[in-house]
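# Secondary and tertiary structure notes
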Amino acid sequence: MKHSPIIGRDYKARIAASSPNKKRKYHYLFMLAGGLISLGVAALLMISNDAEAIRNDLPAEQTSIQTAAPVAHISKPLALPQNRPTAHTSNPQSIAIAAPTMGKWREITVKKGDNLSLIFNRAGLSPQQLHQVLSLGKKARALTRIYPGDKLRFNITDDKQLRALSYDIDQTETLHITQRSGNKGYTATTEKHQIDTRTANRSGVITSSLFLGAQKAGLSDNLTMELAGIFGWDIDFALDIRKGDSFTVVYEELYLEGKKLRNGKILAAEFTNRGKSYQAVRYTNSKGDSDYYSPDGKSMRKAFLRTPVEFSRISSRFNLKRKHPVLNKIRAHKGVDYAAPTGTPIRATGDGKIVHRGRKGGYGKTIIIQHGSRYSTLYAHMNNYARGMRNGKRVKQGQIIGYVGSTGLATGPHLHYEFRLNGAVRNPLTVKLPDAGPLPKKYRADFNKKSRPFLAQLNALKRNTLALNN
Ligand SMILES: [Zn+2]
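Reading the values: the criteria
- Residues numbered from 1 in each chain as written.
- Predicted model: local features only at pLDDT ≥ 70, side-chain atom pairs only at ≥ 80, totals over all residues.
- Helix = DSSP H or I, 4+ residues; strand = E, 2+ residues; numbered from the N terminus.
- Buried ≥ 20, exposed ≤ 12 C-beta atoms within 10 Å, placed from the backbone.
- Contact = placed C-beta atoms within 7 Å.
- Pairing = 2+ DSSP bridges.
- Axes fitted to C-alpha atoms, helices over the stretch in contact; angles between N-to-C directions.
- pLDDT = per-residue confidence, 0-100.
- Core = buried A, V, L, I, M, F, W, Y, C linked by C-beta atoms within 7 Å.
- Expected span 1.5 Å × (residues − 1).
- Bend = angle between axes of the 7 residues up to and from the residue.

We now examine the overall build of the protein. Counting its secondary structure elements, the protein contains 10 helices and 21 strands. Here the protein holds 470 residues, and the buried ones make up 30% of them. Long-range contacts, defined as pairs at least 24 residues apart, comprise 62% of the intrachain contacts of the protein with a sequence gap of at least 6.

So, in structure tokens, the structure goes:
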């Protein structure tokens, strides 16, 4: 069925204002770009790790480190409680235990195909010593999850006694295994490193693309992607961006002992697109759930994704007077068909509850999700359901519920998707999608209090940027 021209224009205007279909593809491109960047970084890391591995193949004498510093470092948890930031100063008690009997330090980098037995063997240690270490329990089991590139630091005496072993579980935690005095077995302790969070900000004006503008402003690619994700429901970053658009981002930077580890989350951001400004503030409620909200407490997200399948092609539109391709007679097409290869993931377009999971006549394998009291969505011709999908199961927006197939009356693999409002079918491509729920009332006062300084900061930064660029 054709829409009446007036409604059609109205709907078109709405799509132009918020075309999530394109946006989602754009997000995918973003993710792809991010993936490629990570791959590049990974490749670089691998090269450097290989170099380390080669260095570690040198005789032990050349790679061993014998300084006072690691001794003090490794003996620290013996004397000091965890979770307390401490300077790397000598502690009389710990030095007294460790220093006189320590051997030589040697660092071994985990290679591809390595395992602990191979590494212990390479370090000149016996399988019995490995067994002793691994039988220490939960903490020591972090050693069974090592990856190529990880580093193990061994302290070994001339008569091949393992005195100590340390391993950085991740950037924030180190495992220390130390021999008890009198050679009475080992102790495993973990040391938490103090992470400091600092607030940073970047502002920029776009002259060609968001990526170039962000790059010029010194915003990392990951943060640029996050920024586009936050405003992606309102702004189509592929089509809507214009010269003169501007942005401001306030975000976290994580530091470990004065050295920057990585960027954290975006705390607040503003994007001005064609003269219209959008602001978003991150808020975490008392249950620990975080999301971005506009200054008046509205969610930056919509309650529904426009499309349930990424990288698909619309093969048949909503048409209440369509001739059915299989039955070859006039039969309403109450949804949209997305052609995609068999096995392509299908995502729930909104939070909700599964009210039907099973075969449904010509629809084949079908899932129906109820979203609150007014909305429901239907996904048909599935090849199979995602694991755990059953009647009554709650699903989240974007969660994979099944995979594209051609069960039921279908000419080829595709998803048939229906959108219902108060029981009546609506065109999923043009229906006005409701906003995701606003911040619950009980959090409003807390949100107002916490968001106020961020909004003040955004406004001050914006004045600055505009002054600089005028
Ligand atoms: Zn269909």
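Still more ground to cover, so stick around.
Now for unusual backbone geometry. Both trends apply: most residues other than glycine have a negative phi, and most peptide bonds are in trans. Positive phi is not limited to glycine here, since Lys 160 has a value of about 65°. Tracing the backbone shows Lys 160 in the loop between strand S3 (151–156) and strand S4 (162–170). Owing to 12 C-beta atoms within 10 Å, Lys 160 belongs among the exposed residues under this scheme. In this model, Glu 257 sits at a positive phi of 45°, which is unusual for a non-glycine residue. Here Glu 257 lies in the loop between strand S8 (246–256) and strand S9 (259–273).

Time to look at the environment of Thr 207. With respect to the helices and strands, Thr 207 occurs in the loop between strand S7 (195–205) and helix H8 (210–217). Here the alpha-carbon distance between Thr 207 and Lys 243, two residues 36 residues apart in the chain, equals 4.7 Å. Thr 207 has contacts with Gly 213 and Lys 243, leaving out every residue within four places of it along the chain.

Our focus in this paragraph is the sheet that holds S9. On the basis of which strands lie adjacent, the open sheet formed by five strands has the order S7-S8-S9-S10-S11 and antiparallel pairing. In this open sheet, the two edge strands, each paired with only one partner strand, are S7 and strand S11 (290–293). The average angle at which neighbouring strand axes cross in this sheet is 25°, direction not considered. In the sheet, strand S10 (residues 276–284) pairs with S11 via four bridges, with the strands oriented antiparallel. Bridging from a neighbouring strand, Tyr 283 pairs with Asp 291 of S11. Contacting S8, S9, S10 and S11, helix H9 (residues 221–231) runs over the sheet at an angle of about 35° to S9.

Right, let's talk about the pairing of S4 for a bit. Of the pairings in the sheet, the one linking S3 to S4 comprises five bridges and is antiparallel in character. The residue bridging Asn 155 from the neighbouring strand is Ala 164, located in S4. Taking the residues between adjacent antiparallel strands as the criterion, S3 and S4 are bridged by five residues, where Lys 160 takes a positive phi near 65°. Two elements, S4 and strand S5 (residues 173–179), share six bridges in a ladder whose sense is antiparallel. Across the sheet, the residue bridging to Asp 168 is Thr 174, located in S5. Turn length for the S4-S5 hairpin, with the two strands adjacent in sequence and antiparallel, is two residues.

What follows is about the environment of Arg 122. Mapped onto the elements, Arg 122 comes out in helix H6 (residues 116–122). As for Arg 122 and Ile 108, which are separated by 14 residues in sequence, their C-alpha atoms are 8.7 Å apart.

Below, the discussion takes up the confidence of the model for the protein. A residue-level look at the protein finds 78% of positions with pLDDT of 70 or above and a mean pLDDT of 79. Scored below 50 in pLDDT, residues 1–99 shows 101 contacts in the model against residues more than four places distant or in partner chains.

Membership of the largest hydrophobic core comes to 31 residues, with the highest contact counts inside it found for Leu 227, Val 249, Ala 269 and Ala 280. Secondary structure elements with two or more residues in this core: H8, H9, S8, S9, S10, S11 and helix H10 (441–469). Sort the elements by how many residues they give to this core and H9 lands first, with six residues. With residues near it in sequence (within four places) discarded, Leu 227 still touches Phe 247, Val 249, Ile 266 and Ala 269. Counting 22 residues, the second largest nonpolar core, distinct from the first, contains Tyr 338, Ala 348, Leu 378 and Tyr 379.

Here we come to H9. Counting buried positions along H9 yields eight of 11 residues, so the element is predominantly enclosed. By the burial criterion, the buried members of H9 are Leu 223, Thr 224, Met 225, Glu 226, Leu 227, Ala 228, Ile 230 and Phe 231.

With that settled, the discussion passes to H10. End to end, H10 covers 40 Å across 29 residues, agreeing with the expected 42 Å (1.5 Å per residue, within 8%). Residue Ser 451 marks the point of greatest curvature in H10, where the axis turns by about 35°; the proline Pro 453 follows within four residues. All of the buried residues in H10 are Ser 451, Phe 454, Leu 458 and Thr 465. Close packing links the buried residues of H10 with S7, S8, S9 and S10.

If you trace the backbone, Tyr 385 turns up in strand S17 (residues 375–385). Apart from the residues lying within four places of it in its own chain, the contact partners of Tyr 385 are Arg 357, Lys 365, Ile 367, Ile 401 and Gly 402.

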